[in-house]
Amino acid sequence: MAPIPGSGLAKGLAVTLRTMTKKSVTAQYPDAQPDLPPRTRGVIGLFEENCTVCMLCARECPDWCIYIDSHKETVPAATPGGRERSRNVLDRFAIDFSLCMYCGICIEVCPFDALFWSPEFEYAETDIRDLTHERDKLREWMWTVPAPPALDPGAEEPKELAAARKTADKIAAQQAPPPTEPHADEQARAAEMPTRPQGDSKQQTDQPKPGQPEPGQPRPDQSNPGQPNPDQSNPDQSRPGQEGSA
């Protein structure tokens, strides 16, 4: 069957009419800011207090877009007779974002958590030479870094927290008072226990009275079917108390 002339145009106009009646979903940037995922790789923020100028990030960068300058300072001894030590002081930390390919290797290899991903992406410049941002700009981007996500309840405890807790328990054990001797504790408990009267002692209460049989033995008035009763075995034999009466 041959197609009807103009049917394709009619279908296209129908799609256009249906779309015109729906609400627009296009975010008009920059009036509407996009809702970015929390792990968006926008720019790299620098927390320079944690930087020790170890140069790992600059050496591992595949694009060689990180520039670091530093100098050494001598720190005096903290205690008398101690030894002086030297430390590296950061002078320059810059990243050329015209070369950066956002691989994140510098953030992963940093052993002191000095570099973080920021979701900021509005850093376009009219001159490519202005895309090399110094540490002051990287410091500003550090405050836009989102908070880390919560840990999984079933995950392992971080090694840093486990080491800190182990050290705290060790210090607490060293500062705890030494345990007292066992015999001293027993004497203290014995002194605190109330004393019983002499007539109520356990040894005296456990002893049978003169008129009562010992525990586990039958009473004199109860005959044992397996043994003869001495009073009934010889009925002709009179008791010692009955000879005088006879």
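Structure's up top.
Cut-offs used in this document
Residues numbered from 1 in each chain as written. Predicted model: local features only at pLDDT ≥ 70, side-chain atom pairs only at ≥ 80, totals over all residues. Heavy atoms only, no water. Core = buried A, V, L, I, M, F, W, Y, C linked by side-chain atoms within 4.5 Å. Buried < 20%, exposed > 50% of the residue type's maximum accessible area, 1.4 Å probe, protein only. Helix = DSSP H or I, 4+ residues; strand = E, 2+ residues; numbered from the N terminus. Contact = heavy atoms within 4.5 Å. Polar contact = N/O pair within 3.5 Å; in protein donor to acceptor, adjacent residues only side chain to side chain. Phe/Tyr/Trp six-rings, centres within 6.5 Å; stacked < 30°, edge-to-face > 60°.

Caption draft 1: Summary view of the nonpolar core. Residues I44, I66, I68, F93, I95, F97 and L115 are the most contacted members of the largest nonpolar core, which totals 26 residues. Of all the secondary-structure elements, those providing two or more residues to this core are β1 (43-46), α2 (56-60), β2 (66-75), β3 (85-96), α3 (105-109), β4 (115-118) and α4 (135-142). Excluding anything up to four places from it in sequence, I68 contacts V53, M55, C57, A58, L90, R92 and F93.

Caption draft 2: Region of interest: the side chain of T40. Inspection of the secondary structure assignment puts T40 in the loop between α1 (7-20) and β1. A distance of 2.6 Å separates a polar side-chain atom of T40 from the backbone oxygen of P37. In this structure T40 touches W117, S118 and P119, once residues within four positions along its chain are discounted.

Caption draft 3: Representation of the packing of aromatic side chains within the structure. The final tally for this structure, using the stated rule, is 6 aromatic pairs. Judged by centre distance (5.4 Å) and plane angle (55°), the rings of F97 and Y123 are tilted. A residue pair is termed long-range when its members are at least 10 positions apart, and F97 in the loop between β3 and α3 and Y123 in the loop between β4 and β5 (132-133) qualify at 26 residues. Residues Y123 and W141 carry aromatic rings whose centres are separated by 5.8 Å and whose planes lie at 65° to one another, so their mutual orientation is edge-to-face. Placement of Y123 in the loop between β4 and β5 and of W141 in helix α4 is noted, with a sequence separation of 18 residues between them. With respect to burial, Y123 and W141 carry one shared label: buried.

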